[in-house]
Amino acid sequence: MKSLLNILLRRFISVGSLGVVFADGSSALFRGAQAGPHAGLRFTSVEAEKRLLLNPGLGFGEAYMDGGLQPDSCTLYDLLNVMMINAMKPGGHIGEAISATARYARRSWIQFNPESRSRKNVAHHYDLDTRLYDLFLDKDRQYSCAYFRTGKETLDEAQEAKKRHIASKLLLDRPGLEVLDIGCGWGGMALTLARDYGAMVTGVTLSVEQLKIARERAQEAGLSHLVRFELLDYRHIQTRYDRIVSVGMFEHVGIAHYEAFFRKVRECLKDDGVALLHSIGRSDEPGTTNPWIDKYIFPGSYSPSLSETFAAIEKTGLWVTDCEILRLHYAKTIAIWRQRFAEQRDKARELYDERFCRMFEFYLAGAELSFEVQGHMNFQIQLTRNIRAVPLTRDYMFEAEGSLPGK
């Protein structure tokens, strides 16, 4: 086993270096031809070595969760940085290459998300103890990419800026506009649009826990007359709206449902309506979801390429009236989440256990690095039914975003 792993790692590490201590106490240094970061890895069990050899995409994270491997004289972030940089090089790990090919062939099924499966997938992550999210999210519980206009903002400031940025693209030019929020989370976006822009918002979610808190927040904020939240799948929406917004939900739609999703958006938009989609995406060609993420964090999820997204939009008759790429904003967001989670780790362990904490910190470190070194980004796409629904230039966005107090 160790000899095979030696061969694999010598081929795999082409950038930077990796020091490894094997389960039997022996050690080796694997150095790539290209300069890069260094990290150390220590195996505490032969089973962990086997996992890394046969199915690293799933097995590496599982071995970390179970304590079978650990960073050696470095942080988990440092270790994942070296591994993920080298994973981007073709042909480095034949086992992973075979697994990736198989996943790609099956991805339509893996991401097949009918209503019943979607509810189950959402519950897996979003119906966790709500106290967990209070440990690392901002005060408004925005569980999506923040917007750093200068890079010096606090998390709360950057999340408020994200909501303003999105609102500017919705062309909220008068009070009383009817807005649909698809995948409303804990209600922060809907409440902001109602409070700051006078919108009448309907938020839909598949998370029972999020629905409960969103309704409580609307009541506490005195906005129940403007905002209502429903436990409803987007496929069952029948009403037409002036504006539609969806933040961090499209990643859970599934590639087999993209066209249906955009057809529903078109169906629910009034003739002069405007929609804004905010999603994680990938800057390269279509791919697959990491199997560990799919199993433990976001079942049925996928970060689409722009080519896949635009191909689906093109079939629905919608206009793409604006598209913006946010490159490193989510990396900065998750870096703050990761630090906050580390500071509150003991409280997270009280809610769950040590294995859960290791799972969550592995998720946060890997997610941050996917934006730093593996081509992930966020995109915001503005959509309309009518070519004349928005002004000819983006000036209205800049004016709206700069017109609020303090800007």
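Residues numbered from 1 in each chain as written. Predicted model: local features only at pLDDT ≥ 70, side-chain atom pairs only at ≥ 80, totals over all residues. Heavy atoms only, no water.

Peer 1: What is the right way to read the domain arrangement of the protein from this model?
Peer 2: Interface size is commonly expressed as the accessible surface area that is lost when the partners come together. Examined at the domain level, the protein breaks down into domain 1 (1-92) and domain 2 (115-403). Taking only C-alpha atoms, the centre of domain 1 and the centre of domain 2 are 34 Å apart. Each partner contributes residues to the interface: domain 1 has 18 residues there, and domain 2 has 19 residues. Interface area for domain 1 against domain 2, summed over the two sides, is near 1800 Å², with a carbon-plus-sulfur share of 67%. A per-residue breakdown of the area domain 1 buries against domain 2 is headed by Met65, Tyr77 and Met84, which together make up 40% of the total. Residue glutamate 62 pairs with lysine 295 through a salt bridge whose shortest N-O separation is 3.0 Å. Linking domain 1 with domain 2 are seven residue pairs in polar contact (both at pLDDT 80 or more). (Domains from an automatic or database assignment. Contact = heavy atoms within 4.5 Å. Buried area = accessible area lost by both parts, 1.4 Å probe. Salt bridge = Lys/Arg side-chain N within 4 Å of Asp/Glu carboxyl O. Polar contact = N/O pair within 3.5 Å; in protein donor to acceptor, adjacent residues only side chain to side chain.)

Peer 1: Is there a simple way to think about the side chain of serine 305 in this case?
Peer 2: Within the fold, serine 305 resides in the loop between α13 (291-296) and α14 (306-314). According to the relative accessible area criterion, serine 305 is buried, its value standing at 0%. A polar contact is formed between the side chain of serine 305 and the side chain of serine 307, at a distance of 2.9 Å. Setting aside chain neighbours within four positions, we find serine 305 in contact with Arg282, Asp284, Glu285 and Pro286. (Helix = DSSP H or I, 4+ residues; strand = E, 2+ residues; numbered from the N terminus. Buried < 20%, exposed > 50% of the residue type's maximum accessible area, 1.4 Å probe, protein only.)

Peer 1: What should I look at first to understand the environment of arginine 217 in this one?
Peer 2: Topologically, arginine 217 is positioned in helix α11 (residues 208-220). For the pair arginine 217 and glycine 188, spaced 29 residues apart in sequence, the C-alpha to C-alpha distance is 8.7 Å. For arginine 217, the side chain forms a polar contact with the main-chain oxygen of tryptophan 186, separated by 3.1 Å.

Peer 1: Any chance you could explain the packing of aromatic side chains here in plain terms?
Peer 2: The way to describe two aromatic rings as a pair is by their centre distance and the angle between their planes. Inspection of every chain in the model, using the stated rule, returns 28 aromatic pairs. Judged by centre distance (6.0 Å) and plane angle (40°), the rings of phenylalanine 60 and phenylalanine 362 are tilted. With phenylalanine 60 in helix α3 (residues 56-66) and phenylalanine 362 in helix α17 (residues 354-373), this residue pair connects regions lying 302 residues apart in the sequence. With respect to class, phenylalanine 60 is no different from phenylalanine 362; both count as buried. A centroid spacing of 5.3 Å and a plane angle of 80° characterise the contact between phenylalanine 261 and phenylalanine 262, whose relative ring orientation is edge-to-face. Summarising the burial analysis for this pair, phenylalanine 261 and phenylalanine 262 share the class buried. Lying across the ring of phenylalanine 148, lysine 332 places its NZ or CZ 5.3 Å from the centre. (Phe/Tyr/Trp six-rings, centres within 6.5 Å; stacked < 30°, edge-to-face > 60°. Lys NZ or Arg CZ within 6 Å of the ring centre and 35° of its normal.)

Peer 1: Can you help me understand the pairing of strand β6 (residues 200-205) in this one?
Peer 2: Where a strand is regular, its side chains alternate between the two sheet faces. Burial runs high along β6: five of the six residues are buried. Across five bridges, the pairing between strand β5 (residues 178-182) and β6 is parallel. When the sheet's bridge partners are listed, isoleucine 182 is paired in β6 with valine 204. Each parallel crossover has a hand, and for β5 linked through helix α10 (residues 188-197) to β6 it is right-handed. Summarising the sheet, β6 and strand β7 (residues 227-231) pair through five bridges and their orientation is parallel. The partner of glycine 203 across the bridge, within β7, is phenylalanine 229. Tracing the backbone out of β6, into α11 and back to the parallel element β7 gives a crossover that is right-handed. (Pairing = 2+ DSSP bridges. Right-handed = clockwise from strand over helix to strand, strands pointing away.)

Peer 1: So what exactly am I meant to see when it comes to the packing of helix α4 (residues 76-87) against α17 here?
Peer 2: The relative placement of two packed helices is expressed as an angle between their axes plus a distance between the axes. Where α4 meets α17, the closest approach of the two axes is 10 Å, and the angle between their N-to-C directions is 45°. The angle between α4 and α17 places the two elements in the oblique class. Two packed elements cross with a definite hand, and for α4 against α17 that hand is right-handed. Together, Leu76, Tyr77, Leu80, Asn81, Met84 and Ile85 of α4 and Glu361, Phe362, Ala365, Gly366, Glu368, Leu369, Ser370, Glu372 and Val373 of α17 make up the contact between the two elements. Along the lines of polarity and charge, the residues of the contact of α4 with α17 split into nine nonpolar, three polar and three charged. (Axes fitted to C-alpha atoms, helices over the stretch in contact; angles between N-to-C directions. Parallel < 35°, antiparallel > 145°, perpendicular 65-115°, else oblique. Left-handed = near helix turned anticlockwise from the far one by under 90°. Nonpolar A, V, L, I, M, F, W, Y, C, P; charged D, E, K, R; others polar.)

Peer 1: Explain the sheet that holds β6 to me, please; I cannot follow it from the model alone.
Peer 2: Each strand in a sheet pairs with another by means of backbone hydrogen bonds, the pair being arranged parallel or else antiparallel. As summarised here, the arrangement of the seven strands in space is β7-β6-β5-β8-β9-β11-β10, forming an open sheet in which the pairing is mixed. One side of each edge strand has no neighbouring strand; the edge strands of this open sheet are β7 and β10 (319-326). Each neighbouring strand pair of the sheet contributes to a mean axis angle of 15°, computed without reference to strand direction.

Peer 1: Explain the pattern of salt bridges here, please?
Peer 2: A side chain of one charge can pair with a side chain of the opposite charge when the charged atoms of the two come close. The final tally for this structure, using the stated rule, is 30 salt bridges. For aspartate 140, the salt bridge is made with arginine 217, and the minimal N-O distance between the two is 2.3 Å. Of this pair, aspartate 140 sits in the loop between α8 (130-134) and α9 (155-169) while arginine 217 sits in helix α11, and the two are 77 residues apart along the sequence. According to the relative accessible area criterion, aspartate 140 is buried, its value standing at 9%. Among the charged side chains, a salt-bridge network with shared partners connects Arg345, Asp346, Arg349, Glu354 and Glu361.

Peer 1: Got a minute to help me understand the state of the cysteines in this structure?
Peer 2: Evaluation of the coordinates by the stated rule reveals zero disulfides. No disulfide involves cysteine 184; its sulfur sits 15 Å from that of cysteine 268, the nearest cysteine. In this structure cysteine 184 comes out as buried when scored by relative accessible area, which is 6%. (Disulfide = S-S within 2.5 Å.)

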